[in-house]
Amino acid sequence: AAGVIQSPRHLIKEKRETATLKCYPIPRHDTVYWYQQGPGQDPQFLISFYEKMQSDKGSIPDRFSAQQFSDYHSELNMSSLELGDSALYFCASSSGLAKYNEQFFGPGTRLTVL
Amino acid sequence: GEDVEQSLFLSVREGDSSVINCTYTDSSSTYLYWYKQEPGAGLQLLTYIFSNMDMKQDQRLTVLLNKKDKHLSLRIADTQTGDSAIYFCAEPMYSGGGADGLTFGKGTHLIIQP
């Protein structure tokens, strides 16, 4: 079965640079979520989109922005990168029709900021 | 967000049962979830329980919910080496509907002794 696809899988950036992470949800899923997981930490919810509209917002810094496109893929744009942004970034998708809002997670993008 | 608490480590012998505990704070959560994360991998939904249930069994997994005490547990019967992972309990950040992000506990590292 198709899973959530994230690209790139690994990314190395310098401080103050920008990064763009991409997420391709499971086919026919209309909802996308972004999470950040620091080393040894639990995942922290950043933001979600339903049917291309921003739905909920968590602890997303102002330096980050995200959007969901007409084909339901999503991109997380990160500017003025800081050392503390080094983390694993997960995208998850779900179907708005699902009873219990099961979120299927992608393999993550490991971002290292030097 | 709400606080979800778990103990950090649990060590069990292969073949024994593992019981991972979690306390949560939001009594209005509609669903509660258990996720598994293997090293360097994404999060895999193991099971979930609806808030009006006390117990749910799914093969080797048993979930118990004590809503009065806001206590959730995951029992893994006949623990195998492949069960070695970090287990996160999670609850919706808001109402549990729509594109709700999840609040995760800190995760319990399950260590299997031969």
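Let me sum up the structure you'll find in this document. (Residues numbered from 1 in each chain as written. Chains lettered and ligands numbered in written order. Predicted model: local features only at pLDDT ≥ 70, side-chain atom pairs only at ≥ 80, totals over all residues. Heavy atoms only, no water.)

Helix and strand content of chain A: zero helices and eleven strands. When its helices and strands are written in sequence order, chain A yields β-β-β-β-β-β-β-β-β-β-β. For chain A, whose C-alpha radius of gyration is 13 Å, the value lies close to the compact-globule estimate of 13 Å for 114 residues. The C-alpha extent of chain A, read off along each of the three principal axes, is 40 × 25 × 20 Å. (Helix = DSSP H or I, 4+ residues; strand = E, 2+ residues; numbered from the N terminus. Rg over C-alpha atoms; globule rule 2.2 N^0.38 Å.)

This part is about the environment of Asp3(B). All names here are of chain B. Tracing the backbone shows Asp 3 in the segment before strand S1 (5-6). The sequence separation of Asp 3 and Phe 104 amounts to 101 residues, and the corresponding C-alpha distance is 8.2 Å. Once you skip the residues sitting within four places of it in the chain, Asp 3 turns out to touch Thr 23, Tyr 24, Thr 25 and Glu 91. (Contact = heavy atoms within 4.5 Å.)

Next up on the list: the state of the cysteines. By definition, a disulfide is the covalent link that joins the sulfur atoms of two cysteine residues. Residue and element names in this part refer to chain A. Taken as a whole and judged by the stated rule, the model has two disulfides over all chains. Between the sulfur of Cys 23 and that of Cys 91 lies a disulfide, 1.7 Å long from S to S. In this structure, the disulfide formed by Cys 23 and Cys 91 twists by about -55 degrees around the S-S bond and is classed as left-handed. Placement of the pair is Cys 23 in strand S3 (residues 19-24) and Cys 91 in strand S9 (residues 87-94), with a sequence separation of 68 residues. (Disulfide = S-S within 2.5 Å.)

Such coordinate-based values are descriptive only and should not be taken to indicate function.
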